[in-house]
Amino acid sequence: MGDFTPRNIPSEAEFAEAIEDVDFGSAWSERRPPFYRFVDKVAFTCGVLNTCVIAYCMGGYHWLMPIAYSASTPLLLLLRFAMYKVIKWHYFMMDFCYFGNLLLLVYLWIYPASSHLFLVSFSIANGPLPWATILFRNSLVFHSLDKMTSVFIHITPAFVTFCLRWYPKHMERSLHIFGEAFNTCVDSACDTPFTWTFVVPLCYFIAHSLFYFAIVQRVRVNKIKNDKAYLTSYRYLVGHRHGLPFKIVNVFGKRGRIYVFGVCQVLYAALSFLPVPLLYHCYWLHLAMLWLSVLVVTWNGGNFYFEVFRFTATASKMA
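Residues numbered from 1 in each chain as written. Predicted model: local features only at pLDDT ≥ 70, side-chain atom pairs only at ≥ 80, totals over all residues. Heavy atoms only, no water.

**Q** I would appreciate a short explanation of the nonpolar core in the present structure.
**A** Generally speaking, soluble globular proteins have nonpolar side chains that are buried together. If you look at the biggest cluster of nonpolar residues, it comprises 75 residues, and the most contacted ones within it are Met58, Met65, Tyr107, Leu108 and Leu164. Residue contributions to this core peak at eleven residues, all from helix H7 (residues 145-166). If you look at the next biggest cluster of nonpolar residues, it comprises six residues, including Tyr91, Met94, Tyr212 and Tyr230. (Core = buried A, V, L, I, M, F, W, Y, C linked by side-chain atoms within 4.5 Å. Buried < 20%, exposed > 50% of the residue type's maximum accessible area, 1.4 Å probe, protein only. Helix = DSSP H or I, 4+ residues; strand = E, 2+ residues; numbered from the N terminus.)

**Q** Would you take a moment to explain the state of the cysteines for this structure?
**A** A disulfide bridge is the covalent bond that connects two cysteines by way of their sulfur atoms. Counting across every chain of the model gives one disulfide. One disulfide in the model links cysteine 185 with cysteine 190; its S-S distance is 1.8 Å. The disulfide joining cysteine 185 to cysteine 190 has a torsion of about 75° about its S-S bond and is therefore right-handed. A single burial state applies to cysteine 185 and to cysteine 190, both of which are buried. Among the cysteines around cysteine 57, which has no disulfide bond, cysteine 163 carries the closest sulfur, lying 7.4 Å off. (Disulfide = S-S within 2.5 Å.)

**Q** Which parts of the structure should I look at to understand helix H10 (residues 194-219)?
**A** Since the α-helix packs 3.6 residues into each turn, any two residues three or four apart lie on the same face. Over its 26 residues, H10 extends 35 Å from the first C-alpha to the last, a length consistent with the 38 Å expected when each residue adds 1.5 Å. Among all positions in H10, only Thr197, Phe198, Pro201, Leu202, Phe205, His208, Ser209, Tyr212, Val216 and Gln217 are buried. Of the surrounding elements, those touching the buried residues of H10 are helix H4 (96-109), helix H5 (115-125), helix H11 (221-226), helix H12 (233-238), helix H14 (257-273) and helix H15 (276-281). (Expected span 1.5 Å × (residues − 1). Contact = heavy atoms within 4.5 Å.)

Quick look at the structure:
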């Protein structure tokens, strides 16, 4: 899912269009109460430290990566649920990225010897999750716990599976923690059967989509429809009538939007699974994909900071 922070759009009409996508709930606004600015400072410190931990693990202590991931994920998700529940955005936590992270945790702590489960987790962690950083414009904004959590859940699983796949010897040092050795190959040749890198992951994605549709579009549809404060990934992606996602899902009119949206999601997942065998067999290609993900979120983070700085400086001159 994407980065979401409450917006406080300024009244100055001349800035409304130019900075439509800027998140005005940031700590850079001098109008924020001191407590919230303190929270942002804590989030900034934790965000930087977490990035340092990941870099440290990737730099040579690969066996620590699954441990760091397992320790951080439950905490971040609990904090996010508590925050989102208050502002009625908790249906975001039914998105596929959370179920992808859950599957990886199941592999790490319950079935580490299952090579087939690893292939499914690998496909998800290096397929739809990292590519979602482009779709949802995830950004590396250290002072925002929300944005850093979004980056974490979308690209950290790829880092974990990278360590598991390419540094199996290093992983032996974590044997006393996880109880069993990680099995990442289905046979001695480390083949990637189409069934386990495409068919099963795609079926998992479709099963989740049906579950999501049943809850959000059937069981809770009236509650969500009658209260515009509820925000879901569907509302977020197609909420702008001039945006490309809305134009695509609206091709068959209002009645067909949700169904076109579902088909587009499945097509997106299927396309993202296709290059997975290449990533599994080529170290440098896999590494390049990780760097691309980091580049995307860093670029988006830079855009965010400079837009906020520009608005704050301009607003100060007008005050």
